[in-house]
There are 2 protein chains.
Amino acid sequence: MSIVASYAALKGASTGDLRSLDVRAALQATIAASLEFTAAAEFVTLESKVPGKAYGMFAKEARTSRPINAALYRSDLTANELVKTIFGPIEEQDTLYLDQCLYTAAMSFPAACDLLKAGNQKSPGTFFEVFVAHLFASKFGVSPQTYVEVQSMGMQHRIPTDYIFELSSNRRIHLPIKISTRERVVQVWAHQKMLDGMMGAGRFRGILVCLAETNKQKEESVVEVCLPNQWAAYQMYIATMSRVYYLDPPIKYLSLRESYPHIQVWPLSKFLQESHNIPSAAWT
Amino acid sequence: MSIVASYAALKGASTGDLRSLDVRAALQATIAASLEFTAAAEFVTLESKVPGKAYGMFAKEARTSRPINAALYRSDLTANELVKTIFGPIEEQDTLYLDQCLYTAAMSFPAACDLLKAGNQKSPGTFFEVFVAHLFASKFGVSPQTYVEVQSMGMQHRIPTDYIFELSSNRRIHLPIKISTRERVVQVWAHQKMLDGMMGAGRFRGILVCLAETNKQKEESVVEVCLPNQWAAYQMYIATMSRVYYLDPPIKYLSLRESYPHIQVWPLSKFLQESHNIPSAAWT
């Protein structure tokens, strides 16, 4: 199937139950078509201004892709292998290998899109959202909703939200998903605060999933755009996000774990390793 | 002076004290050049889907402007008259006339920009921000800053903010300024919540100023994009905004005053009429 046809099938399947194997099949087909397409492109090394990380980009005719983390992107793996690893039992798997599989799957279609059509921001975002939402729905065995109902002394509103997973009567997960955050990230803490205010603090646990914070400067070098002091202030003064998982975690955000308010930023492999604990009241 | 030269002068002047008469002179020159430019364009009536409001747009060669509220835009007034009215004594002035002057001044440069260069979103936003910030700085007699310093048990951060006016030791104004809000507006309540959390609730009063919420559909009709239920939820569960002033106020937002949580949405003329009261502890 072509990239366009498989992505259309994915969009169609994602309007139904996000746990379904139709979604998984369409994801795998989209990843397969994307990997095949980018395999035919040139991989050009970029100058990395991010300490400890090497980046490249795909180039084809006049178009180039977003930065690709060279240590995480595994062009030697097939879509079938990626999907089998990510959605299979993970106990025996190496953490780095899990992160490579997650990163390669998540980056496949966005990188291909960049080569197909410049400035198409929406399709990569939708793909990434469906990929992550399907992952969470599969691991939790729960289909999410994207609204909450608020009742307060005669008022009743339905408020649109990011994905909400009801794991038990007192444990719901609020899951915003972003390709990158930039200055818009305060929305995540604001929505968490609203849920806390509506339903009671701690009833909805906030988990943010992001792809990367890389930025290509003048087509030649790669930087990461991070605002750790602002994240700390949001966590201190707006609301508590329980986890932030990254596919390509910036060191500056991983370091937020080390000092107050200890925001728990982790590679997404950590989710695979702890997903079975998340419904428990002991998980914080 | 040309539009480009006067706008460049305005940007230069706005990096200094926002109360200064240099800013006002550059604003007046930019408004004058913009009005002169749009006067040479055609004014085309648009189909309005907004009850009770008539809209048109400027058209020149292949380019068209954003929607212009026909009852608020006064092409018969000069930049000198607009600036004199807005920054002069307002006691004797009719409320509608004040709103017409404010709207015409605020819309002059954005409308001209639309005809000069499609897709230039940044210059209209900067102009509008400087116009409103200069208005507040002039009326308060205070120059704003755009950060707060946070000290908390050994941590010290400088957090960037929207405009902050220190009116007294216990009355500061937090002033976000937006051409339109859309889904990004939750940022405003989130920043207010952060200031409340850092410094104590009620110490920073939040005032949001917006131009309009109009949207041109397929170049032919005008709608207003409003989410009043979401605004009510933000006001109930995130933080309190003391005022929202609009240049072209949507009826759906003005109606928020009528029912709980009674968000105080007003035409910007209200600010001119009450600005002398805002420093007082009695103003809520």
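A. Molecular detail of the overall build of chain A. Helix and strand counts for chain A stand at nine helices and 13 strands. Radius of gyration (C-alpha) of chain A: 19 Å, near the 19 Å computed for a compact globule of 284 residues. Expressed along its principal axes, the backbone C-alpha trace of chain A runs to roughly 60 × 40 × 40 Å. Classification of the 284 residues of chain A by burial places 56% in the buried group. Taking as baseline every contact in chain A between residues at least 6 positions apart, the subset at least 24 positions apart corresponds to 65%. Counting every atom, chain A has about 12,100 Å² of accessible surface; 50% of that belongs to carbon and sulfur. For chain A, the distance from the average position of its 28 positive side-chain charges to the average position of its 26 negative side-chain charges is 5 Å.

B. The pattern of salt bridges, seen in detail. Per the stated rule, a full pass over the model turns up 18 salt bridges over all chains. For the salt bridge of A:Lys53 with A:Asp248, the shortest nitrogen-to-oxygen distance reads 2.9 Å. Of this pair, A:Lys53 sits in the loop between β1 (42–48) and β2 (55–60) while A:Asp248 sits in the loop between β12 (241–246) and α8 (251–254), placing them 195 residues apart in sequence. By relative accessible area, which is 14% here, A:Lys53 ends up buried. Overall, A:Asp248 belongs to the buried group, its relative accessible area being 1%. Residue B:Arg19 pairs with B:Asp17 through a salt bridge whose shortest N-O separation is 2.7 Å.

C. A look at the relation of the copies chain B and chain A. With an RMSD of 0.0 Å, the fit of chain B onto chain A corresponds to turning through 180° and sliding 0.0 Å along the axis. These values place the two chain copies in the arrangement generated by a two-fold rotation axis.

D. A look at the environment of A:Val222. Residue and element names in this part refer to chain A. Summarising the element assignment, Val222 is placed in strand β11 (residues 221–224). For Val222, a relative accessible area of 0% translates into the label buried. Sequence spacing of Val222 and Ser14 is 208 residues, and the spatial spacing of their C-alpha atoms is 33 Å. Filtering out sequence-adjacent residues up to four positions away, Val222 remains in contact with Leu46, Glu47, Ser48, Lys49, Val50, Tyr55, Pro67, Thr214 and Asn215.

E. Up close: the packing of aromatic side chains. Evaluated as defined, the whole model comprises 32 aromatic pairs over all chains. On the basis of an interplanar angle of 70° and a centroid distance of 5.3 Å, the ring pair of A:Phe43 and A:Phe58 is categorised as edge-to-face. Separated by 15 residues along the polypeptide, A:Phe43 in strand β1 and A:Phe58 in strand β2 bring together distant segments of the chain. A relative accessible area of 38% means that A:Phe43 is categorised as partly exposed. In this structure an aromatic cluster arises from ring pairing among A:Phe136, A:Phe140, A:Phe165, A:Tyr245 and A:Phe271. Between A:Arg24 and the ring centre of A:Phe87, over which it is positioned, the NZ or CZ distance is 4.1 Å. A cation sits over an aromatic face here: B:Arg257 above B:Trp266, 3.4 Å from the ring centre.

F. Spatial organisation of the pairing of strand β9 (residues 204–210) of chain A. Residues and elements named next belong to chain A. Taken across its seven residues, β9 has seven buried, putting it largely inside the fold. Burial along β9 is two-sided: the residues Phe204, Gly206, Leu208 and Cys210 and Arg205, Ile207 and Val209 are all buried. Inspection of the sheet shows strand β7 (residues 171–175) paired to β9 by three bridges, in the parallel sense. In the strand pairing of β9, Arg172 is matched with Phe204. Alignment of strand β8 (residues 177–178) against β9, held across two bridges, turns out to be parallel. Bridge pairing in β9 links Ile177 to Val209. In this sheet, β12 lies alongside β9 in parallel orientation, the contact comprising five bridges.

About the criteria used
Residues numbered from 1 in each chain as written. Chains lettered and ligands numbered in written order. Predicted model: local features only at pLDDT ≥ 70, side-chain atom pairs only at ≥ 80, totals over all residues. Heavy atoms only, no water. Helix = DSSP H or I, 4+ residues; strand = E, 2+ residues; numbered from the N terminus. Rg over C-alpha atoms; globule rule 2.2 N^0.38 Å. Buried < 20%, exposed > 50% of the residue type's maximum accessible area, 1.4 Å probe, protein only. Contact = heavy atoms within 4.5 Å. Areas by Shrake-Rupley, 256 points an atom, 1.4 Å probe, with all protein chains shown as cover. Lys, Arg positive; Asp, Glu negative; His and termini not counted. Charge placed at Lys NZ, Arg CZ, Asp CG, Glu CD. Salt bridge = Lys/Arg side-chain N within 4 Å of Asp/Glu carboxyl O. Least-squares fit on C-alpha atoms with pLDDT ≥ 70 in both. Phe/Tyr/Trp six-rings, centres within 6.5 Å; stacked < 30°, edge-to-face > 60°. Lys NZ or Arg CZ within 6 Å of the ring centre and 35° of its normal. Pairing = 2+ DSSP bridges.

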